[in-house]
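Each chain, written out:
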Amino acid sequence: DDGKVEDGKHVIVPITSDRGLCGAVNSNVIRQISADLKARNASSGESEGDFRFAIIGSKGKDQLTRLHANEIALVFDEIQKKNVSFTQACALSDELLKLEFDTMSLYFNKFINTGLQEPTRMDMMSPSKIEELAESLDDYECEPDKQDLMEALNSFAFASNLYHCMTSSIASEQASRMVAMDGASRNAKDMIQSLTILFNRTRQAIITGQLIEIT
């Protein structure tokens, strides 16, 4: 049991970058979200009001504002200007856990290697599952209270997962940007070479034409 429920209020957390020029990593996350929403709608008939977005990253905000402006509940942008820390992830997780939800899903780019980043969904534990786990501790004496204990453990686990997703997304962003810039540099060199050849041929043709006129 992964602690996920299918019905109720669904919060979607796309983790994207604050800067561009990094290939399709941000678009891939948005496409994955759109595909999952279509599949969810087809299977359960979910309406537009059943989900909300809590967006991390400016690029995700820009794309989702065009598609689902009315469903955006929270936006955290410009937080990746400095190195992301676990303390920062804890602060973000506290804000996310304040939202009312039955299911929360994190969407991020899983870093596999320099040339491959995979859009991935990670479902967080639902509040109802936390209550069930707290009830399973009835046979034990807990200090603090079992409900507080489970909520504290869930908060730490959520922050840890969020930190993992953010660091993986940042690694994917940097790898994709490196590949994209390398491709752009190669294309620029090829363009310079082809234009240089064209220039030399044109110049030679002009010189040849002038020599013919002289003779």
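Residues numbered from 1 in each chain as written. Predicted model: local features only at pLDDT ≥ 70, side-chain atom pairs only at ≥ 80, totals over all residues. Heavy atoms only, no water.

**Student:** What should I look at first to understand the packing of aromatic side chains in this one?
**Tutor:** The relation between two aromatic rings is expressed through the spacing of the ring centres and the mutual angle of the planes. Counted under the stated rule, the structure contains three aromatic pairs. Aromatic pair Phe-51 and Phe-53: ring centres 5.5 Å apart, planes at 85°, arrangement edge-to-face. In this structure Phe-51 comes out as buried when scored by relative accessible area, which is 2%. With a relative accessible area of 0%, Phe-53 lands in the buried category. The interplanar angle of 65° and the centroid separation of 6.0 Å between the aromatic rings of Phe-86 and Phe-156 together place this pair among those described as edge-to-face. Note that Phe-86 is positioned in helix α3 (residues 86–97) and Phe-156 in helix α5 (residues 146–214), a separation of 70 residues in sequence. Relative accessible area serves as the criterion here: at 53%, Phe-156 is assigned to the exposed category. (Phe/Tyr/Trp six-rings, centres within 6.5 Å; stacked < 30°, edge-to-face > 60°. Buried < 20%, exposed > 50% of the residue type's maximum accessible area, 1.4 Å probe, protein only. Helix = DSSP H or I, 4+ residues; strand = E, 2+ residues; numbered from the N terminus.)

**Student:** How should the side chain of Ser-176 be read in this particular structure?
**Tutor:** Position of Ser-176 among the secondary structure elements: in helix α5. A distance of 2.5 Å separates a polar atom in the side chain of Ser-176 from the backbone oxygen of Cys-22. Beyond its immediate stretch of four places on either side in the chain, Ser-176 contacts Cys-22, Gly-23, Ala-24, Val-25 and Gln-117. (Polar contact = N/O pair within 3.5 Å; in protein donor to acceptor, adjacent residues only side chain to side chain. Contact = heavy atoms within 4.5 Å.)

**Student:** Would you mind going over the sheet that holds strand β4 (residues 103–113) with me for this structure?
**Tutor:** Sheet strands line up and pair through hydrogen bonds in the backbone, either parallel or antiparallel. The five strands are arranged β3-β2-β1-β4-β5 in an open sheet whose pairing can be described as mixed. What marks the edges here is a single partner per strand, and that holds for β3 (72–76) and β5 (116–123). The sheet shows a mean angle of 20° between the axes of neighbouring strands, taken without regard to direction. Relative to β5, β4 is paired through eight bridges, and the arrangement is antiparallel. Bridged to Asn-109 within β5 is Pro-119. On top of the sheet, α5 reaches β2 (51–56), β4 and β5; it is set at about 40° to β4, its chief contact. (Pairing = 2+ DSSP bridges. Axes fitted to C-alpha atoms, helices over the stretch in contact; angles between N-to-C directions.)

**Student:** What exactly am I supposed to notice about helix α4 (residues 127–135) here?
**Tutor:** Residue pairs spaced three or four apart in an α-helix point in one direction, given the helix's 3.6 residues per turn. Turning to α4, its buried residues number three or more, namely Lys-129, Ile-130 and Ala-134. One side of α4 carries all its buried residues, which in axial view fall inside an arc of 145°. Contacts from the buried residues of α4 go to α5. (Arc of directions from axis to C-beta.)

**Student:** I'm lost on the pairing of β3 in this one. Help?
**Tutor:** Where a strand is regular, its side chains alternate between the two sheet faces. Here β2 pairs with β3 via four bridges, running parallel. Looking across to β3, one finds that Ala-54 is bridged to Leu-74. Of the crossover connections in this fold, the one passing from β2 over helix α2 (residues 58–68) to the parallel β3 is right-handed. (Right-handed = clockwise from strand over helix to strand, strands pointing away.)

**Student:** Would you explain the pattern of salt bridges in this entry?
**Tutor:** Where charged atoms of side chains with opposite charge meet at close range, the side chains can pair. One pass over the structure, following the stated rule, counts eight salt bridges. As a salt-bridge pair, Lys-98 and Glu-95 come within 3.2 Å of each other at their nearest N and O atoms. Residue classification places Glu-95 among the partly exposed residues on the basis of a relative accessible area of 33%. Arg-121 serves as the salt-bridge partner of Asp-123, at 2.9 Å between the closest nitrogen and oxygen. On the accessibility criterion, Asp-123 (24% relative accessible area) is partly exposed. (Salt bridge = Lys/Arg side-chain N within 4 Å of Asp/Glu carboxyl O.)

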